[in-house]
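# Understanding the architecture of this molecule
Each chain, written out:
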Amino acid sequence: MKRHIIGLLLAVVALTACDIEHSDNGHLDGYWKLTQMDTLASGQSADMTESSVFWAVQHHLLEIKKLDDIEKNVFFRFEHSDATLRIFNPISDNKAISDSVVTDPATLRIFGIQHLDETLAVEQLNSSQMVLRNDLYRFHFRKY
């Protein structure tokens, strides 16, 4: 009996010591593949289904990566509301050297991101599709 009480007390202490965090990102959480990019000025669309650009969203981090180029991984902090997605504080994930703060927005342009702190309009977001827009592009994603 004494062992059961001690075991129960240890379990209670262990559970109360844990700080369980959860995400309130709704449909935004997950792994998104870029499938199409529209150039707003010209109205032209590029099929990106063969590209290897993915956006991964979990908790407070957004990772944008190009799978066929491991040097092209960038982590962002983000703020999400119904109508906007603000991405900021980019960090380059350089596995060969170390992570570094991105200070030149030109390094982000390969992903269509124009600024170090950028707010994108959320045009569509559900459990399988996401459409975002910045000043130059409309990004279409499919959820994996």
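Okay, so let's go over this structure. Think of each chain on its own: its residues are numbered from 1, step by step along the sequence as written. Where totals are concerned, whole chains, interfaces and linings use all residues; where local detail is concerned, this predicted model gives features only for residues with pLDDT of at least 70, and gives and counts side-chain atom pairs only at 80 or more. The basis for the side-chain values is all heavy atoms of the structure; hydrogens and waters are excluded.

## So, the side chain of serine 92
Note the following rule: Numbered from the N terminus, helices here are DSSP runs of H or I no shorter than four residues, and strands are runs of E no shorter than two. Accessible area is worked out with a 1.4 Å probe on protein chains only. A residue is then buried under 20% of its type maximum, exposed over 50%, and partly exposed in between. The contact criterion used throughout is that any non-hydrogen atoms of two residues lie within 4.5 Å.
Here serine 92 is to be found in strand β6 (residues 84-92). For serine 92, a relative accessible area of 18% gives the class buried. What serine 92 contacts, discounting residues up to four positions off in sequence, is Asn73, Ser98, Asp99, Ser100 and Val102.

## A few points about the environment of glutamate 118
Threshold: Distance and chemistry together define a polar contact, namely a pair of N or O atoms within 3.5 Å, with one atom able to donate a hydrogen and the other to accept it when in protein, and with adjacent residues in sequence counting only for side-chain atoms on both sides.
Tracing the chain through its elements places glutamate 118 in strand β8 (residues 118-125). Looking at glutamate 118, the relative accessible area reads 3%, which means it is buried. Spatially, the C-alpha atoms of glutamate 118 and asparagine 89 are 9.8 Å apart, while their sequence positions differ by 29 residues. Sequence-distant contacts of glutamate 118, that is, excluding residues within four places in its chain, are made with Leu85, Arg86, Ile87, Gly112, Ile113 and Asn134. A polar side-chain atom of glutamate 118 sits 2.7 Å from a polar atom in the side chain of asparagine 134.

## Focus: the environment of threonine 107
Considering the arrangement of structural elements, one finds threonine 107 in the loop between β7 (100-101) and β8. Considering only alpha carbons, one finds threonine 107 and lysine 72, 35 residues apart in sequence, at a separation of 9.0 Å. One polar contact links the side chain of threonine 107 to the main-chain carbonyl oxygen of aspartate 104, over a distance of 2.8 Å.

## Focus: the pairing of β8
Which entries qualify depends on this criterion: In this analysis, strands are considered paired if DSSP registers two or more bridges between them.
Sheet topology note: the β6/β8 ladder contains four bridges and is antiparallel. The residue bridging threonine 84 from the neighbouring strand is alanine 121, located in β8. Sheet analysis places β8 next to strand β9 (residues 129-133), joined by four bridges and oriented antiparallel. The residue bridging glutamine 124 from the neighbouring strand is valine 131, located in β9.

The values are spatial; any link to function lies outside them.
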